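A structural walkthrough
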Amino acid sequence: MSRANVTIASAANGAIGAPPAWEIFVAGVVVCAIGLVAYAGPGLGPRASHMATHILLMSALAPFLAVLWTRFASAPFLASGYTLAAITAAQIALLYTWHAPGAAAYVERHPTAHLSMHASLLAAALLFWLAILGDTGVARWRGVAALAITGKLACLLGVLLVFAPRVLDTHIAGSATTLETMLADQRLAGLLMLAACPASYVLSGVWIASRWLLALEDDRLRARSDRPDGA
């Protein structure tokens, strides 16, 4: 193998290895930024506050913990295609279930259900991101597909909340809030979801796709170097 090929192969191997320290730093910054938006943002209603918390847990804290696991764990989290599909379906099902009409009002009245909602979403998201980052083979397209599907369905939920002509859950804030205020709160929750989707699932899909292409190029260079004529 030529020196140029060795250089390219080494760069590819470094790109698909453990996440470097700068990725952990960026992930930490994202967690802090979304946390400030979720808890220091003025005027967030109950539905928008729930959505901001879910974004913090599923699109910031969960991938941050997954990156730490990939960086420091002795054994990677390996998932087959069927496992990744099941985890993706479970995460989407939980997301839509907890945002269904009546669910938000129920968790507002029951602290145990409120804790269960956040815990289940965080657990599902953590398993999802661990499965995405743990797939380091040539079949990494499965993670890109899972991110694309999840991002589209999450954005669809945001679209439904933004463009719904009426309040989907009139019991979430009690009788002290007007319908106009509740509708504005619902639309803000949808806008937060629409803003978070490209910043998490789309960018992550692009990043993983680039690593996948580097791995494919590395395999091609290795196969080329093994040929007798080197062609």
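For the structure itself, consult the block above.
We now turn to the structure provided with this report. What you are looking at is a predicted structure, and each value in this text was computed from that prediction instead of being measured.

We now examine empty space enclosed by the protein. Per the counting criterion, the structure on display carries two cavities of 30 Å³ or more. As for the largest cavity, its lining consists of Met51, His54, Ile55, Met58, Ser59, Leu95, Ala154, Met193 and Tyr201. Elements that contribute at least two residues to the lining of the largest cavity include exactly helix 3 (46-72) and helix 8 (179-225). Looking at the lining of the largest cavity residue by residue, the class counts come to seven nonpolar, two polar and no charged. Each pocket or cavity is described by its volume, and for the second largest cavity that value is around 50 Å³. Looking at the lining of the second largest cavity residue by residue, the class counts come to four nonpolar, three polar and one charged.

Describing two packed helices takes the angle between their axes plus the distance from one axis to the other. The N-to-C vectors of helix 6 (residues 111-134) and helix 7 (residues 141-163) enclose an angle of 145°; their axes lie 9 Å apart at closest approach. Where helix 6 abuts helix 7, its residues Phe128, Trp129 and Ile132 lie against Gly143, Ala146, Leu147 and Thr150. Taken together, the residues that form the contact of helix 6 with helix 7 break down as five nonpolar, two polar and no charged.

Let us look at the nonpolar core. The biggest cluster of nonpolar side chains holds 35 residues, and the ones touching the most others in it are Met51, Phe128, Trp129, Ile132, Leu147 and Met193. Among the elements of the structure, helix 3, helix 4 (81-98), helix 6, helix 7 and helix 8 are those that each provide at least two residues to this core. Of the residues forming this core, the biggest block, ten residues, is contributed by helix 6. Setting aside chain neighbours within four positions, we find Phe128 in contact with Ile87, Thr88, Gln91, Ala146, Leu147, Thr150 and Tyr201.

With that settled, the discussion passes to the packing of helix 4 against helix 7. Following both chains from N to C, one finds helix 4 and helix 7 inclined at 10°, their axes separated by 11 Å at the closest point. Of the possible angle classes, the one that applies to helix 4 and helix 7 is roughly parallel. Note on element contacts: helix 7 touches helix 4 through Arg142, Gly143, Ala146, Ile149, Thr150, Leu153, Ala154, Leu156 and Leu157, opposite Gly81, Leu84, Thr88, Gln91, Ile92, Leu95 and Tyr96. By residue class, the composition of the contact of helix 4 with helix 7 is ten nonpolar, five polar and one charged.

With 23 residues, helix 7 extends 32 Å from end C-alpha to end C-alpha; this agrees with the ideal 33 Å at 1.5 Å per step. Turning to helix 7, its buried residues are Gly143, Ala146, Leu147, Thr150, Gly151, Ala154, Leu157, Gly158, Leu161 and Val162.

Throughout the structure, instances matching the rule amount to three aromatic pairs. Ring geometry for Phe128 versus Tyr201: centroids 6.4 Å apart, planes at 70°, classification edge-to-face. Of this pair, Phe128 sits in helix 6 while Tyr201 is found in helix 8, placing the two residues 73 residues apart along the sequence. Tyr201 sits in the buried class, given a relative accessible area of 6%. Judged by centre distance (5.9 Å) and plane angle (10°), the rings of Trp129 and Tyr201 are stacked. Taken as a pair, Trp129 in helix 6 and Tyr201 in helix 8 lie far apart in primary sequence, 72 residues in all. Exposure remark for Trp129: the relative accessible area of 4% places this residue in the buried category. The rings of Phe128, Trp129 and Tyr201 are connected pair by pair, giving a single aromatic cluster.

Attention shifts here to the environment of Ser204. For Ser204, the position within the fold is in helix 8. For Ser204, a relative accessible area of 17% gives the class buried. Separated by 60 residues in sequence, Ser204 and Val144 have C-alpha atoms that sit 8.1 Å apart. In this structure Ser204 touches Trp129 and Leu147, once residues within four positions along its chain are discounted.

Cut-off values and rules
Per chain, residue numbering runs from 1 following the sequence as it is written. A pLDDT threshold of at least 70 governs which residues receive local features in this predicted model, and a stricter bar of 80 or more applies before side-chain atom pairs are shown or counted, although totals over entire chains, interfaces and linings include all residues. Derived side-chain values reflect all non-hydrogen atoms in the structure, with water molecules and hydrogen atoms excluded from consideration. Only protein atoms enter the 1 Å grid, on which a cavity is a set of points fitting a 1.4 Å probe that cannot get out and a pocket is an open set with protein on both sides within 12 Å along at least 5 of 7 lines, lining residues being those with an atom within 4 Å of a point. Grid points are joined across faces, edges and corners, and a volume is the space filled by probe spheres set on the points. Strands are runs of DSSP state E lasting at least 2 residues, helices are runs of H or I lasting at least 4, and numbering of each runs from the N terminus. Only Asp, Glu, Lys and Arg are considered charged in this grouping, and only Ala, Val, Leu, Ile, Met, Phe, Trp, Tyr, Cys and Pro are considered nonpolar; every other residue, Gly among them, is considered polar. Fitting a line to C-alpha atoms yields each axis, with helices limited to the stretch in contact; the angle taken between N-to-C directions then spans 0 to 180 degrees. Any two residues having at least one pair of non-hydrogen atoms within 4.5 Å are treated as being in contact. Remark: nonpolar core denotes a set of buried residues (Ala, Val, Leu, Ile, Met, Phe, Trp, Tyr, Cys) joined through side-chain atoms within 4.5 Å. Relative accessibility thresholds used throughout: buried, under 20% of the residue-type maximum; exposed, over 50%; partly exposed, between the two (1.4 Å probe, protein chains only). Orientation labels follow simple angle bins: below 35 degrees gives roughly parallel, above 145 gives roughly antiparallel, 65 to 115 gives roughly perpendicular, and whatever is left gives oblique. Multiplying 1.5 Å by the residue count of a helix minus one yields the expected span of that helix. Each pair of aromatic rings taken from Phe, Tyr and Trp, with Trp reduced to its six-membered ring, is defined by centres within 6.5 Å and is described as stacked if the planes are under 30 degrees apart, edge-to-face if over 60, and tilted in the remaining cases.

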